[in-house]
Amino acid sequence: MPNTYTISDLAKEFDLTTRAMRFYEDMGLLQPERSGPAGRNRIYSARDRARLRLTLRAKRLGLSLSEAKEIIDVYDSPRDTGAQLRKFLEVLGQHRQQLEDRMADLQMNLDEVREHEEEARQLLARVDGEK
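Remember, predicted model here, so these are calculated numbers, not experimental data. (Residues numbered from 1 in each chain as written. Predicted model: local features only at pLDDT ≥ 70, side-chain atom pairs only at ≥ 80, totals over all residues. Heavy atoms only, no water.)

1. Brief notes about the overall build of the protein chain
- Looking only at helices and strands, one finds five helices and three strands in the protein chain.
- When the helices and strands of the protein chain are read in sequence order from the N terminus, they spell out β-α-α-β-β-α-α-α.
- Relative to the 2.2 N^0.38 estimate, which gives 14 Å for 131 residues, the radius of gyration of the protein chain is 24 Å and therefore markedly larger than a compact globule would have.
- The buried share of the protein chain, taken over its 131 residues, is 25%.
- Carbon and sulfur atoms make up 54% of the accessible area of the protein chain, which amounts to about 9,500 Å² in all.
- Averaging the locations of the 23 positively and 24 negatively charged side chains of the protein chain gives two centres separated by 9 Å. (Helix = DSSP H or I, 4+ residues; strand = E, 2+ residues; numbered from the N terminus. Rg over C-alpha atoms; globule rule 2.2 N^0.38 Å. Buried < 20%, exposed > 50% of the residue type's maximum accessible area, 1.4 Å probe, protein only. Areas by Shrake-Rupley, 256 points an atom, 1.4 Å probe, with all protein chains shown as cover. Lys, Arg positive; Asp, Glu negative; His and termini not counted. Charge placed at Lys NZ, Arg CZ, Asp CG, Glu CD.)

So, in structure tokens, the structure goes:
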């Protein structure tokens, strides 16, 4: 595998649009080198490729791009591994809590829908019984 990639290479590999790639760049998740006339050509490194893979994995977990960037930046820095892992756990814990809260809300909504369905079935049975 080459050590550098074009925007098209990575977009194709990760099934993204080049627009999405540029958006990730604007968010600071990717930092390609520039070449060619007026720096129009982007040259992505193996580091950019790894950051893109981590970004997409974070998105699949439901993290926001800013949360993904925060985690990736922590791992990218030469800081203490313990501090990095604590930060990672903090962000994951906050995200897990948000998911659990949403799941509880959804469960309450689902229970309410079931109650209304049961009430409607009972009313329908009475209506059908009167015929």
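Next comes the rest of the description.
2. Observations regarding the UniProt feature "coiled-coil region" (unreviewed entry) in the protein chain
- As annotated by UniProt and renumbered to match this structure, "coiled-coil region" (unreviewed entry) occupies residues 89-126.
- Secondary structure content for residues 89-126 is 100% helix and 0% strand, and the end C-alpha separation is 55 Å. (UniProt positions renumbered as here; feature names shortened; annotations may be inferred.)

3. A few points about the nonpolar core
- Membership of the largest hydrophobic core comes to 15 residues, with the highest contact counts inside it found for Leu 10, Leu 16, Met 21, Tyr 24, Tyr 44 and Leu 52.
- When contributions to this core are tallied by element, the ones reaching two or more residues are helix H1 (7-13), helix H2 (18-26), helix H3 (46-60) and helix H4 (65-76).
- Broken down by element, the residue count for this core peaks at three residues, all from H1.
- Leave out the neighbours within four places in its chain, and Leu 52 touches Leu 10, Phe 14, Leu 16, Met 21, Tyr 24 and Leu 30. (Core = buried A, V, L, I, M, F, W, Y, C linked by side-chain atoms within 4.5 Å. Contact = heavy atoms within 4.5 Å.)

4. Some words on the pattern of salt bridges
- Tallied over the entire structure, the rule returns seven salt bridges.
- Glu 25 is paired through a salt bridge with Arg 42; the nearest N and O atoms lie 2.6 Å apart. Linking Glu 25 in helix H2 with Arg 42 in strand E3 (residues 41-45), this pair joins segments that are 17 residues apart in sequence.
- Given a relative accessible area of 16%, Glu 25 falls into the buried group. (Salt bridge = Lys/Arg side-chain N within 4 Å of Asp/Glu carboxyl O.)

5. A word on the layout of surface pockets
- Considering only enclosed or pocket space, the largest pocket measures out at about 180 Å³ in volume.
- Residue lining of the largest pocket: Leu 54, Arg 57, Ala 58, Leu 61, Leu 63, Ala 68, Ile 71, Ile 72, Tyr 75 and Phe 88, and that is the complete set.
- Ranked by residues supplied to the lining of the largest pocket, first place goes to H4 with four residues.
- Residue composition of the lining of the largest pocket, grouped by class: nine nonpolar, no polar and one charged. (1 Å grid on protein atoms, 1.4 Å probe; cavity = no way out; pocket = protein on both sides within 12 Å on 5 of 7 lines; lining within 4 Å. Points joined across faces, edges and corners; volume = space filled by probe spheres on them. Nonpolar A, V, L, I, M, F, W, Y, C, P; charged D, E, K, R; others polar.)

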